[in-house]
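Working through the structure, step by step
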Amino acid sequence: MINFKSVDATAIPKLMAIEAACHSHPWTLNTMSSCIGGRYFNLAAFNGDTMVGFYIGEKAGPDFTLMDICVAPSEQGKGIAKQLLNQFIEYGEQQNAENLFLEVRESNTPAIKLYENAGFIEMSVRKNYYPSDNPAKNGFEDAILMGMALGLNFQ
């Protein structure tokens, strides 16, 4: 059974191990360290005592941004990313966030589908945002900016 809890700086080595396993261009140790505490919040997924995934979010005024979400490759396809994303959305609702935002590589179609199924919509494209090893992309690929409005309470 997967359980969830927030982690502190002592978990950075575990976060970095999952980060490195998931991304072609992972965050640096300095970036990860700077995103623990302060205006940042997180939730890690555990199978027993083993961390299998996490997300990191940022509070910026009334808006929250999903900065990073990763699930260990051996645990992908089991719905953990969906659970983490749902927890991020629920936290935003509990904290009265007005909007949720995220960016995703244009080539990451499984993640885009996950976000769309959760209710995020494409808002914009950031050209040449992410580094890419794809020779057809000339070293960069676009980021799709997605968002979700919370608490509109239309009558």
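Structure shown above.
Quick caveat: nothing in here was measured; it's all calculated off a predicted structure.

Okay, the overall build of the protein chain next. When you go through the protein chain residue by residue, the secondary structure sums to four helices and seven strands. In sequence order, the protein chain lays out its α and β elements as β-α-α-β-β-β-α-β-α-β-β. In terms of overall size, the protein chain behaves like a compact globule, its C-alpha atoms giving a radius of gyration of 15 Å where 155 residues would be expected to give roughly 15 Å. Projected onto the principal axes, the alpha-carbon positions of the protein chain cover approximately 50 × 40 × 30 Å. Counting every position in the protein chain, which comprises 155 residues, the buried fraction comes to 40%. A separation of at least 24 residues holds for 59% of the contacts in the protein chain among residues at least 6 apart in sequence.

To continue, consider the packing of aromatic side chains. Within the structure shown, the criterion is met by seven aromatic pairs. Between Phe41 and Tyr55, the aromatic rings sit 6.1 Å apart at their centres with planes inclined by 80°, giving edge-to-face as the arrangement. Placement of Phe41 in strand E2 (residues 40–47) and of Tyr55 in strand E3 (residues 50–60) is noted, with a sequence separation of 14 residues between them. Taken individually, Phe41 and Tyr55 each receive the classification buried, so the pair is uniform in this respect. Over the aromatic face of Phe46 sits the side chain of Lys5, whose NZ or CZ is 5.0 Å from the ring centroid.

Attention now moves to helix H4 (residues 109–118). Residues spaced three or four apart along an α-helix point in a common direction, a consequence of the helix completing one turn every 3.6 residues. For H4, the set of buried residues is Ala111, Ile112 and Tyr115. The buried residues of H4 occupy an angular sector of 100° when projected down its axis, which confines them to one face. Opposite the packed face of H4, turned more than 90 degrees from it, sit the exposed residues Thr109, Pro110, Lys113 and Asn117. Where H4 is buried, its residues contact strand E4 (63–71), helix H3 (80–94), strand E5 (99–105) and strand E7 (140–149). Directly beyond the C-terminal end of H4, a positive phi value near 110° is found at Gly119.

When we look at burial in helix H1 (residues 12–22), the residues that qualify are Ile12, Leu15, Met16, Ile18 and Glu19. Seen from one end, H1 has its buried residues packed into an arc of 165°, which puts them on one side. Tucked into the core, H1 has its buried residues touching helix H2 (29–34), E3 and E4.

Scanning the model with the defined rule gives five salt bridges in all. We note a salt bridge from Glu141 to Arg105, for which the minimum N-O separation is 2.8 Å. Of the two residues, Glu141 is situated in strand E7 and Arg105 in strand E5; the sequence distance between them amounts to 36 residues. For the pair Glu141 and Arg105, one class covers both residues: buried.

With that settled, consider the side chain of Glu19. On the secondary structure map, Glu19 appears in helix H1. There is a polar contact of 2.8 Å between the side chain of Glu19 and the backbone nitrogen of Trp27. When neighbours within four sequence positions are excluded, Glu19 is seen to be in contact with Pro26, Trp27, Met32, Phe54, Asp68 and Cys70.

The rules behind each value
- Residues numbered from 1 in each chain as written.
- Predicted model: local features only at pLDDT ≥ 70, side-chain atom pairs only at ≥ 80, totals over all residues.
- Heavy atoms only, no water.
- Helix = DSSP H or I, 4+ residues; strand = E, 2+ residues; numbered from the N terminus.
- Rg over C-alpha atoms; globule rule 2.2 N^0.38 Å.
- Buried < 20%, exposed > 50% of the residue type's maximum accessible area, 1.4 Å probe, protein only.
- Contact = heavy atoms within 4.5 Å.
- Phe/Tyr/Trp six-rings, centres within 6.5 Å; stacked < 30°, edge-to-face > 60°.
- Lys NZ or Arg CZ within 6 Å of the ring centre and 35° of its normal.
- Arc of directions from axis to C-beta.
- Salt bridge = Lys/Arg side-chain N within 4 Å of Asp/Glu carboxyl O.
- Polar contact = N/O pair within 3.5 Å; in protein donor to acceptor, adjacent residues only side chain to side chain.

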